[in-house]
Amino acid sequence: QVQLVESGGGLVQSGGSLKLSCAASGIIFSINTMGWYRQAPGKQRELVATITSGGSTNYADSVKGRFTISRDNAKNTVYLQMNSLKPEDTAVYYCNVAIRGSPFYSWGQGTQVTVYS
């Protein structure tokens, strides 16, 4: 049974930072491309960043230069370091296995990030 458990969200002032974590179980974590997604109120879920098994990363234009995705295969965990946060980053953040950018498994509960100005 696949489980994706996100944590690390919170309330932060504009310009601040947060680091999200996602612990995965039930998958062979090390071979999978992992992605962080987010869904803002009233909007569709969007892909924020991906990291391949080899460590190559890709980012949405809206977060490039501010967010950094990383992974620890020994801990089956993927991270998202978010700096210079903006109110438009407010969303529920989710992780998933990313197959050509599309999520593969059912979603976890997500973690709420709220940025206030």
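Read on for an overview of the structure. Model, not experiment: these values are computed from the prediction.

**Quick look at the overall build of the protein chain**
- The secondary structure content of the protein chain amounts to zero helices and 11 strands.
- Starting at the N terminus, the α and β elements of the protein chain follow one another as β-β-β-β-β-β-β-β-β-β-β.
- The globule rule puts the C-alpha radius of gyration for 117 residues at 13 Å, and the 13 Å found for the protein chain is close to it.
- Taken along its principal axes, the extent of the C-alpha atoms in the protein chain is 40 × 25 × 25 Å.
- Counting over 117 residues, the protein chain shows a buried share of 40%.
- As presented, the protein chain carries roughly 6000 Å² of accessible surface, and 46% of it is formed by carbon and sulfur atoms.

**Regarding the sheet that holds strand β3 (residues 18-25)**
- Spatial strand order, β1-β3-β8-β7: four strands in an open sheet with antiparallel pairing. Since the sheet does not close on itself, it has two edges, and those belong to β1 (3-7) and β7 (67-72), each with one partner. Sheet twist, expressed as the average angle between the axes of neighbouring strands with direction ignored, equals 15°.
- Here six bridges tie β3 to strand β8 (residues 77-82), and the two strands are oriented antiparallel to one another. Bridge pairing links A23 to T77 in β8.

How each quantity is defined
Residues numbered from 1 in each chain as written. Predicted model: local features only at pLDDT ≥ 70, side-chain atom pairs only at ≥ 80, totals over all residues. Heavy atoms only, no water. Helix = DSSP H or I, 4+ residues; strand = E, 2+ residues; numbered from the N terminus. Rg over C-alpha atoms; globule rule 2.2 N^0.38 Å. Buried < 20%, exposed > 50% of the residue type's maximum accessible area, 1.4 Å probe, protein only. Areas by Shrake-Rupley, 256 points an atom, 1.4 Å probe, with all protein chains shown as cover. Pairing = 2+ DSSP bridges. Axes fitted to C-alpha atoms, helices over the stretch in contact; angles between N-to-C directions.

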